[in-house]
Amino acid sequence: MSRAERGTTDADDPVAYFLDDITFQGKSQRTRDAYERVLREFEGYLTERGLDLDEANHRDCMAWIHQLRGSVGESTVATYASYLHRFYGYMTEVGTFEENPMALVLEEIDESINVDPERRDITVPAMRSFVGRVTHPLDRAVVVTLLKTGMRAGELCNLDRRDLSLAEAPFEWAHRPQLDGKPDSVYVDDAPSAGEEYNDQRRSASNKRKRATTIPVDGELASVLVEWLAVRPDPRSDADPLFVSTTDEWGKRLTPDMVHHIVETHARDQGWYRDGGGAEENVTPHYFRHFFTTHLRDRTGDRGIVKYLRGDVAQDIIDTYTHDWGDRVREVYTDHIYRLL
């Protein structure tokens, strides 16, 4: 008999319980609404089969994921799967459910970092040659940061100087507490959301990662960032954005459109971008994320660390990478990250 048939109250509603908790954790109303839409849709799917949420097994979850294909894109399928995974993981952690059926499902589909075989294949030497032609300090810092960290354009735009810690910088600034004891690193938070204030400035982009991530900064990226900071215009915002415009919007925090324009301009010069070209042909900021994923995963053979660096590891997963950050993640990253300069 389903929960609805038993006539239980809202207090017994696992979805409402979970939504309340993520609201208390500081998630935005938009994030809450997205979770509620997906979870209620899945709950309805189970109800039609006479099941409650706590009765679903991995085959029930997989069947629902499978029936989504064809009606939504693969990235949306992966997002819906991650929502279910976080919900079940949390309810298991607080002792409401006995197990997380989505853990096995995610291992089976693992869609979030699959390589798209149709994308342009660029070798590391070719990318190194491309970077060598990017000489403007801002453009060079943007391109190298995207390629060395795999972060999204919006995440790059949301970086403030406090999110960066460099051991050998010729000038000092105060970094955020999360970087204490982690020199030569950049912190990418999961909190910034478009239209909402973060560090006393309203943001134009959201950080889409599932958890905050500390990414190592190697010598090449550190050098490029120091060169940029030495000539960076005074920011217009007290939030002290790391990347600001050097053109008509002098001193204004970069926006994703500005980042796309920077990358597109240099990709056109290289013959890697044309009007009307699709994702399989054009090099964009998102392509750099694909490049980072493909080459670092192939070099390390460690899919878990690459997922951690990309921010694809959800909050409910026991994150050994966080505990071992100073050893395993940095060591694997610095031993295998490609040279670009």
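Please read these numbers as outputs of a predicted model, since none were measured by experiment.

Parameters at a glance
- Residues numbered from 1 in each chain as written.
- Predicted model: local features only at pLDDT ≥ 70, side-chain atom pairs only at ≥ 80, totals over all residues.
- Heavy atoms only, no water.
- Helix = DSSP H or I, 4+ residues; strand = E, 2+ residues; numbered from the N terminus.
- Buried < 20%, exposed > 50% of the residue type's maximum accessible area, 1.4 Å probe, protein only.
- Pairing = 2+ DSSP bridges.
- Axes fitted to C-alpha atoms, helices over the stretch in contact; angles between N-to-C directions.
- Parallel < 35°, antiparallel > 145°, perpendicular 65-115°, else oblique.
- Contact = heavy atoms within 4.5 Å.
- Nonpolar A, V, L, I, M, F, W, Y, C, P; charged D, E, K, R; others polar.
- Salt bridge = Lys/Arg side-chain N within 4 Å of Asp/Glu carboxyl O.
- Left-handed = near helix turned anticlockwise from the far one by under 90°.
- Arc of directions from axis to C-beta.
- Polar contact = N/O pair within 3.5 Å; in protein donor to acceptor, adjacent residues only side chain to side chain.
- Core = buried A, V, L, I, M, F, W, Y, C linked by side-chain atoms within 4.5 Å.
- pLDDT = per-residue confidence, 0-100.
- Phe/Tyr/Trp six-rings, centres within 6.5 Å; stacked < 30°, edge-to-face > 60°.
- Lys NZ or Arg CZ within 6 Å of the ring centre and 35° of its normal.

Q: A description of the overall build of the protein chain should follow, citing residues and the corresponding values.
A: Secondary structure summary: the protein chain contains 15 helices and 5 strands in total. In the protein chain, buried positions account for 52% of the 341 residues.

Q: Describe the pairing of strand S2 (residues 185–188), listing the residues and the values that go with them.
A: Regular strands place side chains that alternate from one sheet face to the opposite one. Burial along S2 is two-sided: the residues Ser 185 and Tyr 187 and Val 186 and Val 188 are all buried. With 2 bridges joining them, strand S1 (residues 164–165) and S2 adopt antiparallel strand pairing. The residue of S2 that forms the bridge with Leu 164 is Val 186. Pairing of S2 with strand S5 (residues 213–216), which is carried by 4 bridges, proceeds in the antiparallel orientation. If you follow Val 188 over to S5, its bridge partner there is Thr 213.

Q: Mind laying out the packing of helix H8 (residues 137–149) against helix H11 (residues 256–270), listing which residues take part and the relevant values?
A: Two elements in contact, H8 and H11, have axes whose closest approach is 10 Å; the angle formed by their N-to-C orientations is 95 degrees. One element, H8, and the other, H11, form an angle in the roughly perpendicular class. Here Leu 138, Asp 139, Val 142 and Leu 146 of H8 come into contact with H11, specifically with Val 259, Ile 262, Val 263 and His 266. Per-class residue counts for the contact of H8 with H11 are 6 nonpolar, 1 polar and 1 charged.

Q: Tell me about the sheet that holds S5, and name the residues and values.
A: Strand order across the open sheet formed by 3 strands is S1-S2-S5, with antiparallel pairing between neighbours. In this open sheet, the two edge strands, each paired with only one partner strand, are S1 and S5.

Q: Before we move on, can you summarise the pattern of salt bridges with the specific residues and values?
A: One pass over the full model with this rule turns up 18 salt bridges. Note that Lys 148 and Glu 220 form a salt bridge whose closest N and O atoms lie 2.7 Å from each other. With Lys 148 in helix H8 and Glu 220 in helix H10 (residues 219–231), this pair connects stretches of sequence that are 72 residues apart. Accessibility expressed as a relative area gives 14% for Glu 220, which makes it buried. A salt bridge links Glu 281 to Arg 274; the nearest nitrogen and oxygen atoms lie 2.7 Å apart. Residue classification places Arg 274 among the partly exposed residues on the basis of a relative accessible area of 43%. A single network of salt bridges, built from pairs that share partners, joins Asp 13, Arg 40 and Glu 43.

Q: Mind laying out the packing of helix H12 (residues 285–300) against helix H13 (residues 303–310), listing which residues take part and the relevant values?
A: At their nearest, the axes of H12 and H13 sit 9 Å apart, and the two run at 150 degrees to each other. By the angle between their directions, the pair H12 and H13 is classed as roughly antiparallel. Here H12 and H13 pass one another in a crossing that is right-handed. The segment H12 lies against H13, with Arg 289, Phe 292, Thr 293, Leu 296, Arg 297 and Thr 300 engaging Arg 303, Val 306, Leu 309 and Arg 310. For the contact of H12 with H13, the class distribution of residues is 4 nonpolar, 2 polar and 4 charged.

Q: How would you summarise helix H4 (residues 58–68) if you had to cite specific residues and measurements?
A: Within the span of H4, buried status applies to Asp 60, Cys 61, Trp 64, Ile 65 and Leu 68. Projection of H4 onto a plane perpendicular to its axis shows the buried side chains occupying an angular sector of 135 degrees, all on one side. Looking at H4, the residues exposed on the side facing more than 90 degrees away from the buried face are Arg 59 and His 66. A distance of 2.9 Å separates the backbone nitrogen of Arg 59 from a side-chain oxygen at the start of H4, and that oxygen is part of Asn 57. Note on H4: the residue one or two positions beyond its end, Gly 70, has a positive phi of about 100 degrees.

Q: Provide a residue-level description of the nonpolar core, including the pertinent values.
A: Ranked by internal contacts, the top residues of the largest apolar core, which has 58 residues, are Met 127, Phe 243 and Phe 288. Met 127 has contacts with Ile 122, Leu 147, Trp 272, Tyr 287, Phe 288, Phe 291 and Leu 340, leaving out every residue within four places of it along the chain. Ranked by size, the runner-up nonpolar core spans 29 residues in total, among them Phe 18, Trp 64, Tyr 90 and Phe 97.

Q: Got a sec to walk through the confidence of the model for the protein chain? Specific residues and values, please.
A: Chain-level statistics for the protein chain give a pLDDT mean of 86 and a share of 88% at 70 or above. Looking over the protein chain, one finds the lowest element-wise mean pLDDT in helix H1 (residues 3–6), namely 40, and the highest in H8, namely 98. Within the model, pLDDT remains below 50 along residues 1–11, and this stretch shows 11 contacts once partners closer than five positions in the same chain are excluded. The low-confidence segment residues 314–321 (pLDDT under 50) makes 23 contacts with residues lying over four places distant or belonging to another chain.

Q: Tell me about helix H7 (residues 124–132), residues and numbers included.
A: Residues of H7 that are buried include every one of Val 124, Met 127, Phe 130 and Val 131, and no others. Seen end-on, H7 carries its buried residues on one side only, within an arc spanning 115 degrees. On its buried face, H7 is in contact with H8, H11 and H12.

Q: Account for the packing of aromatic side chains, naming residues and giving values.
A: What the rule picks out here adds up to 15 aromatic pairs. For Arg 49, the ring lying beneath its charged end belongs to Tyr 45, and the centroid distance is 3.7 Å.

Q: For unusual backbone geometry, give the residues involved together with the corresponding values.
A: A positive phi angle, near 55 degrees, is found at Asn 199, a position not held by glycine. Structurally, Asn 199 can be placed in the loop between strand S3 (197–198) and strand S4 (201–202). The exposure class assigned to Asn 199 is partly exposed, which follows from its relative accessible area of 24%. Phi is positive for Asp 240, close to 60 degrees, though the residue is something other than glycine.

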